[in-house]
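# Structure assessment
The residues making up each chain are set out below.
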Amino acid sequence: RNRAQGTGVLLVLTFLTSAVANRVANRILLVPMAKHSLFLSLATSAAQLAAYLLLLLSRSWHQSLSPFLAFVADFWVPLCLTGLCEGCFYPLVFAAAAKLPGGLVQVLNQSIVPYTVLFSVVLV
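Residues numbered from 1 in each chain as written. Predicted model: local features only at pLDDT ≥ 70, side-chain atom pairs only at ≥ 80, totals over all residues. Heavy atoms only, no water.

## Details of the overall build of the chain
To keep it simple, the criterion reads: A run of H or I in DSSP becomes a helix once it reaches four residues, and a run of E becomes a strand once it reaches two; helices and strands are each numbered from the N terminus. Whether two residues touch is decided by their heavy atoms; if any such pair falls within 4.5 Å, the residues are in contact. All accessible-area figures derive from a Shrake-Rupley calculation using a 1.4 Å probe, and residue coverage is judged against the displayed protein chains alone.
Along the chain, the regular secondary structure elements total six helices and zero strands. For the chain, the sequential pattern of α-helices and β-strands runs α-α-α-α-α-α. For the chain, contacts bridging at least 24 residues in sequence account for 68% of all contacts bridging at least 6. Accessible area for the chain stands at about 9600 Å²; split by element, carbon and sulfur atoms hold 76% of it.

## Quick look at a nonpolar patch on the surface
Threshold: A residue counts toward a patch only above 30% relative accessible area and without a salt bridge, and it is joined to like-charged neighbours within 9 Å or, for Val, Leu, Ile, Met, Phe, Trp and Tyr, to nonpolar neighbours within 5 Å. By salt bridge we mean one thing: a side-chain nitrogen of Lys or Arg within 4 Å of a carboxyl oxygen of Asp or Glu.
Taken together, the side chains of F71, V72, F75, W76, V77, L79, L81, L84 and F119 make up a nonpolar region of the molecular surface, amounting to roughly 820 Å² of accessible area. In terms of residues, the nonpolar patch owes the most to one element, helix α4 (residues 76–97), which gives five residues. Within the element layout of this structure, V72 appears in helix α3 (residues 66–74).

## Some remarks on the packing of aromatic side chains
What counts here: Ring geometry is summarised as follows: Phe, Tyr and Trp rings, the Trp one being its six-membered ring, pair when their centres sit within 6.5 Å, and such pairs are stacked at plane angles under 30 degrees, edge-to-face over 60 and tilted between the two.
With the rule as written, the count across this model stands at one aromatic pair. For the pair F71 and F75, a centre-to-centre distance of 4.9 Å together with 40° between the ring planes defines the contact as tilted.

## Some words on the confidence of the model for the chain
Caution is warranted with low-pLDDT regions, since their predicted coordinates should not be read in detail. Condition: pLDDT runs from 0 to 100 and stands for how confident the predictor is about each residue.
Of the residues in the chain, 77% reach a pLDDT of 70 or more, and the chain-wide mean stands at 75. The element-level mean pLDDT for the chain is lowest in helix α5 (residues 102–110), coming to 67, with α3 highest at 83.

Here is the structure:
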């Protein structure tokens, strides 16, 4: 039981530290980049795409890609809709976050979580 409590405390501390770091990073980024929010959102999307492609390449060296390709072939419509939603989300978030007070930026960032869960339930 002590180990479970220690893990819970560690998770709470990690969450709080990440939330504070996220808020500080957002404020630092968004104030000077307020006029360049579209560039910032496109750069973020490009970085995510590069990370996912690198992950896919690293997995392809260890296992066959055919299960991944079969999944894409079976579920291409939800995957395209997900990509469309993410493509709309980032420019809107960065454009809005540059004009919001600090506390609301975190609410905006966390608002994606329940919608992601609901959307995944609909997909499954």
